[in-house]
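Remarks on the overall topology
Listed below, chain by chain, are the residues.
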Amino acid sequence: MSHSLKPARVRFAPSPTGRMHLGSARTALYDYLLARKTGGQFILRIEDTDRRRFVPGAEEELMQGLRWLGLNWDEGPDVGGPYGPYRQLERKEIYQEYALQLIESGHAYTCFCTPERLEKLRQEQQKRKENSHYDGTCRALAPQEAAARVAAGERHVIRFKMPRQGSTTVHDRLRGDITVENRNMDDYILVKSDGLALYHLAHVVDDHLMKITHVIRGSEWLPTFPLHALIHRAFGWEEPEFVHLSVFLKPSGKGKMSKRESADLIKDGYSIYVKDLETLGYLPEAVVNWIALMGWSYDDHTEFFTMDDLIEKFSLDRLNPSPAAINFAKFDHFNGLHIRNLEIPDLANRLRPFFEARGYLVDDARLLKVAPIIQERLVTLEDAPEIAGFFFQDVIQSPAAEDLTAKGLTPKESAEVARQMLVLLESQPEMTANLVEPVLRSLVEQLGLSPGQVFGILRAAVTGQKISPPLFESMEIIGKQKVIERLRSAIQVLERAGDG
Ligand code: GLU
């Protein structure tokens, strides 16, 4: 870890309004990397003031997702910290206090316009083909009058008093300076009539009080970025550094993915939701590697990164502002790489639940032998039961005669080949691959058949599958007794078919 950089305080500030997807995971990852890289802090803040969009369980899914990805936070709602509380709903009074300060300093005002009036205004503006915006009616109210109406209990909101003249320039680390004309911006609501602050005010106050140095967030916040900077400036606070990340595009590269399209992906074994990726058998290491590169690069060729590599190499300077297409083929590739990077006991541990989910009773000693022989072939952990479930079955379903019959041979001829293998295998003291392989290979030569023909029969007989992990290693794991048993019953199946 390099501490030559100023320690950054970086927050991930999700709203519990839906499922955790790749976009939020990437933001959290960059937050985490910057914090770890600089020896700073990674802070989790839950932005839950929008009660209409609140989704029960979303916060738990977020936290689980972060933990699964290995993005552990130093401060947050569950672990606490010196700048808490870390849930915005619990900070309601803080925002009210700061909103009042803005009113006092002339940067905000109370607005008593009713929802009905605002709706009428909106319709009129629509007719005139104007962007809908507040017309500033309550801006002109004398402060004493406004205070009296508030004291009398009149329903109101608090709005930002956007300057009517001039322009505002803000700086984004990725995109440089951005200048907007103030007259094109609205008098945004800071506090709603229920007394809850909106994001615009709440996050500015929190970022200041929590001493946040870098705000990394999605580019959907670019349009209101000048407003946020103006709020910081109205308080006389130093602004954190802002980084607005690019959006993710559909795999085709054309446009953003819709909700419906996201849901449809699962049919192909993919998903943009973090929790689903775990269920589908992807490794968190692969997710991290993949999303790290969707908006950042180290150089133009290095692809494989562990979390430690990323912490060492990450830098805001190498972020890329152009949108990245979600490429699942690449994801599969990374998953394979990271599966092969695992130590066997670790791989075995991660495979166990996938076998168990398919109803296999997993013997740990056997699993440790199976893991290395399938490690090369797995794209996801979920592939394992399909390829190697038979190792955990005492009795396999007898393969059909046509699956046992070698290409170019009749069932009867195949039975004869199987019998010869049986004789050879029975005479071996044990079924180790080293012992068995040369014996069977010389049989292949002796019979003048191809290895594919001969071993195809054996593979189907012993594993019950046309495709399996390496045959001789598989036989070693299954053991002599079962190999012989299964070969015998295969011979019977072939003989019956030959008679028919
Ligand atoms: N709660 C905001 C969101 O989920 C956070 C944006 C930010 O990081 O400031 O989009």
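For the structure, see preceding data.
Let me sum up the structure you'll find in this document. (Residues numbered from 1 in each chain as written. Predicted model: local features only at pLDDT ≥ 70, side-chain atom pairs only at ≥ 80, totals over all residues. Heavy atoms only, no water.)

What to know about the packing of helix α17 (residues 411-426) against helix α18 (residues 433-447)
- Where α17 contacts α18, the axes come no closer than 11 Å and their chain directions differ by 145 degrees. As α17 packs across α18, the resulting crossing turns out to be right-handed. Residues Val417, Gln420, Met421, Leu424 and Leu425 of α17 pack against Val436, Val439, Leu440, Leu443 and Leu447 of α18.
- Grouping the amino acids of the contact of α17 with α18 by side-chain chemistry returns nine nonpolar, one polar and no charged. (Axes fitted to C-alpha atoms, helices over the stretch in contact; angles between N-to-C directions. Helix = DSSP H or I, 4+ residues; strand = E, 2+ residues; numbered from the N terminus. Left-handed = near helix turned anticlockwise from the far one by under 90°. Contact = heavy atoms within 4.5 Å. Nonpolar A, V, L, I, M, F, W, Y, C, P; charged D, E, K, R; others polar.)

Observations regarding the nonpolar core
- By size, the foremost hydrophobic cluster in this structure holds 116 residues, and its most contacted members are Leu351, Leu425 and Met475.
- Considering every element that reaches this core, the biggest residue donor is helix α1 (residues 22-38), with nine residues.
- If we skip the residues at most four places from it in the chain, Leu351 touches Leu367, Ala371, Ile374, Leu378, Leu381 and Ala384.
- Membership of the second largest hydrophobic core comes to 22 residues, among which are Leu201, Leu230, Ile231 and Trp237. (Core = buried A, V, L, I, M, F, W, Y, C linked by side-chain atoms within 4.5 Å. Buried < 20%, exposed > 50% of the residue type's maximum accessible area, 1.4 Å probe, protein only.)

Focus on the site of the ligand
- Neighbouring residues of the ligand: Arg11, Ala13, Pro14, Ser15, Glu47, Tyr199, Arg217 and Trp221.
- The separation between a nitrogen atom of the ligand and a polar main-chain atom of Ala13 is 2.8 Å.
- Here Trp221 contributes a side-chain N or O atom positioned 3.2 Å from an oxygen atom of the ligand.
- When the free accessible area of the ligand is taken as 300 Å², the share hidden by the protein chains comes to 83%.
- In terms of residue class, the shell around the ligand is made up of four nonpolar, one polar and three charged. (Near = heavy atom within 4 Å. Polar contact = N/O pair within 3.5 Å; in protein donor to acceptor, adjacent residues only side chain to side chain. Areas by Shrake-Rupley, 256 points an atom, 1.4 Å probe, with all protein chains shown as cover.)

Looking at helix α13 (residues 344-357)
- Taking 1.5 Å of rise per residue, 14 residues should cover 20 Å, and α13 covers 20 Å from first to last C-alpha, within 8% of that figure.
- A maximum bend of about 30 degrees is found in α13 at Leu351, where proline Pro353 lies one to four positions downstream.
- Turning to α13, its buried residues number three or more, namely Leu347, Ala348, Arg350, Leu351, Phe354 and Phe355.
- Buried residues along α13 sit in contact with α9 (274-279), α10 (284-292), α12 (328-340), α14 (364-374) and α15 (383-388).
- Positive phi shows up at Gly359, right after α13, with a value of about 90 degrees. (Expected span 1.5 Å × (residues − 1). Bend = angle between axes of the 7 residues up to and from the residue.)

Overview of the packing of aromatic side chains
- This structure, assessed with the given rule, holds 18 aromatic pairs.
- A ring pair is formed by Trp290 and Phe331, whose centres lie 4.1 Å apart and whose planes are at 10 degrees; its orientation type is stacked. Within this pair, whereas Trp290 is found in helix α10, its partner Phe331 is found in helix α12, the two being separated by 41 residues in sequence.
- For Trp290, a relative accessible area of 2% gives the class buried. (Phe/Tyr/Trp six-rings, centres within 6.5 Å; stacked < 30°, edge-to-face > 60°.)

Quick notes on the pairing of strand β1 (residues 9-12)
- Burial along β1 is two-sided: Arg9 and Arg11 and Val10 and Phe12, pointing in opposite directions, are all buried.
- Looking at chain direction, β1 and strand β2 (residues 41-44) are connected through four bridges and run parallel. Note on β2: the bridge partner recorded for Val10 is Phe42.
- Considered for its hand, the β-α-β crossover made up of β1, α1 and β2 is right-handed. (Pairing = 2+ DSSP bridges. Right-handed = clockwise from strand over helix to strand, strands pointing away.)

So, helix α21 (residues 480-499)
- With 20 residues, α21 extends 29 Å from end C-alpha to end C-alpha; this agrees with the ideal 28 Å at 1.5 Å per step.
- Among the residues of α21, Lys482, Val483, Ile484, Arg486, Leu487, Ala490, Ile491, Val493 and Leu494 are the ones counted as buried.
- At its buried positions, α21 is contacted by α16 (401-404), α17, α19 (451-463) and α20 (471-478).

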